[in-house]
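Single-letter residue listing:
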Amino acid sequence: MPKTFSPKKRLFIKGIIATCLLSVTRIGFAVAMAKIIAVRIWPSSTYTRITLESTIRLNYKSALLYNPDRIVIDIDNIDLTPTLKTISSKVLSHDPFIKLISVNKVNPKIIRIMIVLKQGVEPNTFTLSPIAEFKHRLVMDLYPTRSISINDDDPLLALLEEYKDGDLNKKQANIPPPINKKKNAPIIVMLDPGHGGEDPGAIGYNKTKEKDIVLQIARRAYNLLKKENNIKVHMTRNEDVFIPLKVRVAKARSLHADLFVSIHADAFTNRSVRGSTVFALSTRGASSSAASYLAQTQNKADQIGGVSRSGDKYLDNTILDLVQKTTLSNGALLGSAILNRMKGINKLHKPTIEKAGFAVLKAPDIPSVLVETAFISNVVEEKKLKTASFQNQVSKAIVDGIKDYLKKRKN
Ligand SMILES: [Zn+2]
């Protein structure tokens, strides 16, 4: 926020003489106005995210006000451009948290954004440095206040809160390893459509977004699995929402999943590369350079989607150290079973499963695989991925693979 110089003008002038460097910095700030490049709002049933993308890091102050519930954000050194003004029209009527947003000039240098709320929220505001296609971002996540009861069937909100507070690892360590299930207990499958919200995943030549395609495939697989006796199925997300990688794994563990299937359609540096691939976790590095490239790009999803620093501070490999041998071998078995079904519907990129250190595969007690259904970077496969018929084939191959695996897994 700009400092008020007038009451102590003399002192200020003295200050300038004394510290040249500081005065240069001040002039520098006055010249370099931040420009808003894009405004995005991602409403979801769990939380709503507001993102302001800008040419330089935004200097802001925010306050939560009551009666009525609202949030005021004052941003220093920006202009009220048409792009920024679009924020008001981006509020959707079904947004669970935001009623309306107004934006006004407070003085020549300060813009005030007023968010009028539908319910009490706990905001989490943070800035992100440029990554991938994104420039600087100011992010505000609106969570419902804790008084709202948490749904047992979907622990996502509780897990996101733990993640935000940096408590996720500690709490996850307290989840006991899966007890020997009763003979007829249903098998719990967690489907994980990759990316979402602020993180679009890979984008095809014709602008198809990976996050949309994989959600459609996961929903189709969900509907098939729901019809199976003795299988219970969950999804890490069923909306266009950003969920950190660790929270996806945590949700599977909290719901005592027996297996975890992450669904993707990534891009490769070379557009001619095509075919399906299935990955299982490697604790010792990747099985090929392509596998290592994909794992690296996937593990960046948290930075692209944007996590606040508190949640980020435990991005280490502690859980990986606990990965058990049976989990790894069952993961490989599950991967082979799915790959075997995939070869009936698409060219395979590699004849056997690949291995790499994907963050999303690191649950210590859940056999986990990542299915690259096809490459969205390949124009032919991008086209195919958009069709209902290919999506149905892929989801059926995944479900049949799961069923094959259940017949041969080791306990
Ligand atoms: Zn992906």
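These remarks concern the structure in this document. None of the values given here were measured: they were computed from a predicted structure.

Glancing now at the coordination of the zinc ion. Looking at the zinc ion, one finds its protein donor set to be His 195 (NE2), Glu 210 (OE), His 264 (ND1), Asp 266 (OD), Asp 266 (OD) and Gln 298 (OE1), positioned 2.1 to 2.7 Å from the metal centre. Angles of 50 to 168° at the metal separate the 6 donor atoms of the zinc ion, which places the site in the irregular class. Here the donor residues for the zinc ion map to a single chain with the spacing H-x14-E-x53-H-x1-D-x31-Q. With Glu 210 in helix H6 (residues 210-226) and Asp 266 in the loop between strand S11 (259-264) and strand S12 (277-281), the pair connects residues that are 56 residues apart, well separated along the chain. Of the two residues, Glu 210 and Asp 266, both sit in the buried class.

Time to look at the sheet that holds strand S13 (residues 354-356). With respect to topology, 6 strands assemble into an open sheet ordered S10-S9-S11-S14-S12-S13, the strand pairing being mixed. Two strands bound the open sheet, and with one partner strand each, they are strand S10 (231-235) and S13. Each adjacent strand pair in this sheet contributes to an overall mean axis angle of 25°, direction not counted. Pairing geometry for S12 and strand S14 (residues 368-372), over 4 bridges, is antiparallel. Counterpart to Val 278 in the pairing with S14 is Val 371. Sheet strands in contact with H6 are strand S9 (187-193), S10 and S11, and its direction is about 160° off that of S10. In the packing of helix H8 (residues 289-299) onto the sheet, the strands contacted are S11, S12, S13 and S14, and the crossing angle to S13 comes to about 45°.

Moving on, we come to the sheet that holds strand S7 (residues 121-128). Strand order in this open sheet of 4 strands is S1-S2-S8-S7, and the pairing throughout is antiparallel. Of all the strands in the sheet, the pair left with one neighbour each is strand S1 (36-42) and S7. Here the strands of the sheet are splayed against their neighbours by 10° on average, with no regard to which way each runs. With 6 bridges connecting them, S1 and strand S2 (residues 48-54) associate as antiparallel partners. Paired with Trp 42 across the strands is Arg 49, a residue of S2. In the packing of helix H4 (residues 156-164) onto the sheet, contacts are made with S7 and strand S8 (136-144), and the angle to S8 comes to roughly 130°.

So, about the side chain of Asp 74. Looking at where Asp 74 falls in the secondary structure, it is placed in strand S4 (residues 70-76). Of note is the side chain of Asp 74, whose polar atom sits 2.7 Å from the side chain of Arg 112.

Conventions and cut-offs
Residues numbered from 1 in each chain as written. Predicted model: local features only at pLDDT ≥ 70, side-chain atom pairs only at ≥ 80, totals over all residues. Heavy atoms only, no water. Donors = N, O, S within 2.8 Å, 3.2 Å for Na, K, Ca; no water. Tetrahedral: all angles 85-135°; square planar, octahedral: opposite > 155°, others 65-115°. Helix = DSSP H or I, 4+ residues; strand = E, 2+ residues; numbered from the N terminus. Buried < 20%, exposed > 50% of the residue type's maximum accessible area, 1.4 Å probe, protein only. Pairing = 2+ DSSP bridges. Axes fitted to C-alpha atoms, helices over the stretch in contact; angles between N-to-C directions. Contact = heavy atoms within 4.5 Å. Polar contact = N/O pair within 3.5 Å; in protein donor to acceptor, adjacent residues only side chain to side chain.

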